[in-house]
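# Summary of the model geometry
Each chain is listed here by its residues.
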Amino acid sequence: MNLAEGVQIVSFGILAAAVLISALGVVLLKNVVYSAFLLGGSFISMAGLYFLLNADFVAAAQVLVYVGAINVLILFAIMLVNKQEEYAVVKGAGVRQVATGLVCLGLFALLGTMVVSTPWAISSATPAGDSSIVTIGIHFFTDFLLPFELVSVLLLIALVGAIVLARREFVPENLSASGEDEALMLPERQREMVSSRDDN
Amino acid sequence: MNPGIDLQGTFIESLQGFGLPAGAAKAIWMPLPMLIVLVGSTVAVLIAVWMERKVSAAAQQRIGPEYIGPLGILAPLADGLKLVFKEDIIPAKADKWLFTFGPMIVVIPVFLSFLIVPFGENLLISDVGMGVFLWIALSSVVPIGLLMSGYASNNKYSLLGGLRATAQSLAYEIPLALAVMAIAMMSNSLSTVDIVQHQSGYGLLGWNVWRQPFGFVIFFIAALAECERTPFDLPEAEEELVAGYQTEYSGMKFALFYLGSYVNLTLSALLVSILYLGGWEAPIPVGLISSTFNISDTTPWLQVITGAIGILMTLLKTYALVFFIVLIRWTIPRVRIDQLLNLGWKFLLPVALANLLATAGLKLTFPAFFGG
């Protein structure tokens, strides 16, 4: 075993442990904020695993998209809402948790046996490494052109949908007695009458 | 293309000459460039801080630091020492763990990005194929640290500062990436070394800034916003938010933020000079001068001189940009948060997209000038 292999094995161990621990933390911790931060840690460790597999474009894209965009948005949403809520204890929580655990274990066992029993066709070609972007680009514009374009249309639809949801136009329906549009009025406490006269 | 000075090969060979096995020699070599870059970037920060103090003093017709070392050059060092010896306070109601991790997450990606900064054809830690893309990906991690420290401080100003920082970097990341994309399209590569080599050969005239004037302006504005420099320093706008996400920090943790912001500043200036100002290329190419005097490219002393000029040129361009950025800070007022977001989303983003489209069109029409 030479130096490179040793480094690879050790970093694989560290990354795998980080993925598992942070993923468990996401699920098990009570505080939503911790879960969100640990989700970022899990994504970054996944990116490290991609680096180990010589897929550096996928790794960088993973960091950019999942950590830099999705996780930041999740955190942003949590912090803008910033609701400190004490969750009421649900009746029969123990039974529910055991049932959930069983279902999860079953799913894990199912996926595990699938991974072990499938005869994977492992390619013996040397990994593309630094030229992986070129290979990916060629595939995007030749044999994967249709899925690529369809995904871009899907993203456009999502973009337009988000704008439509965010920019809801208030249609003036119910006008108050003074003729103001109630939908546009902020709910405010009635202010005390203050004399507007200038006493000087 | 000559191989240039191969420091790694020479170092490993000389260690093997002492009877070390190849693996051990390589293991000794590996931390060296990282250490040099770490120390070098910290020194670069000290210079940037000194420049900030001196230039701000000049802008306000003061003298600035004078007695600490010649021309006050040791003032930033004194700053750093003061911060090291200050008491490290964690507020009682703060979230201890997140409060500690926040500054680290801000600083680590910035230092990691130095991985791709070249000071010469062979003078960089690693010529990663991802290059600039890696930098964009890494710099997108920073807002998480800012949000973390803003949340953990348990302070309204901190939280607002963290949220503002995140909104800002989300808004400006996209025009930044689109400007880089136009450069990558022209250079046919994301690697920083290839990008500089694509600008080489014609000296001053070959620099990307002439081919990408709009891209240069977009990148510069977006980089200013990413570094949270005036006129975009809203996350720490002192009149509104005390000091934003840094409000509760003191001692070494504050020093990490301080260091991080100045490393980010020098890193952005370095990347502007690499992407648009020809990186290590001198205004008059060294190759042209040496060929007029009939000196071979492989002459050892010429290679040493070329390397030295490369480092000098990179730093010169970088600090010229840092000077300009500092001058901006002391002359231009801060924008409002709505103006900032409008500028990012409604102006820079469409302009960057149009720039990308125009670059693609020009590349197809004039492949000789815009990289075939």
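To start, this report covers the structure provided alongside it. (Residues numbered from 1 in each chain as written. Chains lettered and ligands numbered in written order. Predicted model: local features only at pLDDT ≥ 70, side-chain atom pairs only at ≥ 80, totals over all residues. Heavy atoms only, no water.)

### With respect to the overall build of chain B
Broken down by element type, chain B carries 16 helices and 0 strands. Over its C-alpha trace chain B gives a radius of gyration of 22 Å, about what one expects of a compact globule, namely 21 Å for 372 residues. Along the three orthogonal principal directions, the C-alpha set of chain B runs to about 65 × 60 × 45 Å. The buried share of chain B, reckoned over its 372 residues, is 52%. Residue pairs at least 24 apart in sequence account for 77% of intrachain contacts in chain B once pairs closer than 6 positions are excluded. In the form shown here, chain B has an accessible surface area of approximately 17,400 Å², with 72% of it arising from carbon and sulfur atoms. Charged side chains in chain B number 19 positive and 23 negative. The centres of these two groups are separated by 7 Å. (Helix = DSSP H or I, 4+ residues; strand = E, 2+ residues; numbered from the N terminus. Rg over C-alpha atoms; globule rule 2.2 N^0.38 Å. Buried < 20%, exposed > 50% of the residue type's maximum accessible area, 1.4 Å probe, protein only. Contact = heavy atoms within 4.5 Å. Areas by Shrake-Rupley, 256 points an atom, 1.4 Å probe, with all protein chains shown as cover. Lys, Arg positive; Asp, Glu negative; His and termini not counted. Charge placed at Lys NZ, Arg CZ, Asp CG, Glu CD.)

### Description of the overall build of chain A
Each helix and strand in chain A was counted, giving 6 helices and 0 strands. Counting helices and strands in the order they occur from the N terminus, chain A gives α-α-α-α-α-α. A burial count over chain A gives 17% of its 200 residues as buried. The long-range share in chain A, meaning contacts at least 24 apart out of those at least 6 apart in sequence, stands at 48%. For chain A, the accessible area works out to roughly 16,100 Å², and carbon and sulfur atoms hold 70% of it.

### Focus on the pattern of salt bridges
All names here are of chain B. Tallied over the entire structure, the rule returns 4 salt bridges over all chains. A salt bridge links Arg-329 to Glu-52; the nearest nitrogen and oxygen atoms lie 3.3 Å apart. Here Glu-52 lies in helix α3 (residues 31-59) and Arg-329 lies in helix α15 (residues 300-329), a separation of 277 residues in the sequence. Residue Arg-329 is classed as partly exposed on the basis of its relative accessible area of 32%. (Salt bridge = Lys/Arg side-chain N within 4 Å of Asp/Glu carboxyl O.)

### Comments concerning the nonpolar core
Core analysis: the biggest nonpolar cluster contains 109 residues, and A:Met79, B:Trp135 and B:Phe219 have the highest contact counts within it. With 14 residues, helix α8 (residues 156-187) of chain B is the single largest residue contributor to this core. In this structure B:Trp135 touches B:Ser113, B:Ile116, B:Leu176, B:Phe219, B:Leu267 and B:Leu271, once residues within four positions along its chain are discounted. (Core = buried A, V, L, I, M, F, W, Y, C linked by side-chain atoms within 4.5 Å.)

### Points about helix α6 (residues 132-139) of chain B
Where burial is concerned, most of α6(B) is hidden: 8 out of the 8 residues are buried. Buried within α6(B) we find B:Val132, B:Phe133, B:Leu134, B:Trp135, B:Ile136, B:Ala137, B:Leu138 and B:Ser139.

### Some details on α8(B)
Residue and element names in this part refer to chain B. Helix length check: α8 (32 residues) gives 46 Å between terminal C-alpha atoms against 46 Å at 1.5 Å per residue, within 8%. At Glu-173, α8 shows its strongest bend, of approximately 25°, with the proline Pro-175 following within four residues. α8 sits mainly inside the fold: 25 of its 32 residues count as buried. For α8, the side-chain oxygen to backbone nitrogen distance between the N-cap and Tyr-157 is 2.8 Å, and the N-cap itself is Asn-155. (Expected span 1.5 Å × (residues − 1). Bend = angle between axes of the 7 residues up to and from the residue. Polar contact = N/O pair within 3.5 Å; in protein donor to acceptor, adjacent residues only side chain to side chain.)

### Points about the packing of α3(B) against α15(B)
Residues and elements named next belong to chain B. Across the interface, α3 lies against α15 with an axial gap of 10 Å and an inter-helix angle of 40°. Accordingly, the angle class assigned to the pair α3 and α15 is oblique. In this structure, α3 meets α15 at a crossing whose hand is right-handed. Between α3 and α15, the contacting residues are Ala-44, Ile-47, Ala-48, Met-51, Glu-52 and Val-55 on the first element and Tyr-319, Val-322, Phe-323, Val-326, Leu-327 and Arg-329 on the second. Residue composition of the contact of α3 with α15, by class: 10 nonpolar, no polar and 2 charged. (Axes fitted to C-alpha atoms, helices over the stretch in contact; angles between N-to-C directions. Parallel < 35°, antiparallel > 145°, perpendicular 65-115°, else oblique. Left-handed = near helix turned anticlockwise from the far one by under 90°. Nonpolar A, V, L, I, M, F, W, Y, C, P; charged D, E, K, R; others polar.)

### Observations concerning the side chain of B:Ser191
Residues and elements named next belong to chain B. Mapped onto the elements, Ser-191 comes out in the loop between α8 and α9 (192-198). For Ser-191, a relative accessible area of 3% corresponds to the buried category. Leaving out residues up to four positions away in the same chain, Ser-191 has contacts with Asp-127, Val-128, Gly-129 and Gly-131.

### Examining the interface of chain B and chain A
Contacts between the two partners involve 25 residues from chain B and, on the opposite side, 26 residues from chain A. Counting each side, the surface lost to burial between chain B and chain A is near 2,200 Å², with a carbon and sulfur contribution of 82%. Counting across the interface, chain B meets chain A through 1 residue pair in polar contact (both at pLDDT 80 or more). Looking at the side of chain B that touches chain A, the elements with two or more residues in it are α2 (22-29), α6, α7 (142-152) and α8 of chain B. By residue number, the principal contributor to the side of chain B that touches chain A is α8(B), which donates 5 residues. In terms of residue class, the side of chain B that touches chain A is made up of 19 nonpolar, 4 polar and 2 charged. (Buried area = accessible area lost by both parts, 1.4 Å probe.)

### Brief notes about unusual backbone geometry
For A:Asn54, which is not glycine, the phi dihedral falls at a positive 70°. If you trace the backbone, A:Asn54 turns up in the loop between α2 (32-52) and α3 (56-81). Here the phi dihedral of B:Asn188 falls at roughly 60°; this positive angle occurs in a residue that is not glycine. Relative to the assigned elements, B:Asn188 resides in the loop between α8 and α9.

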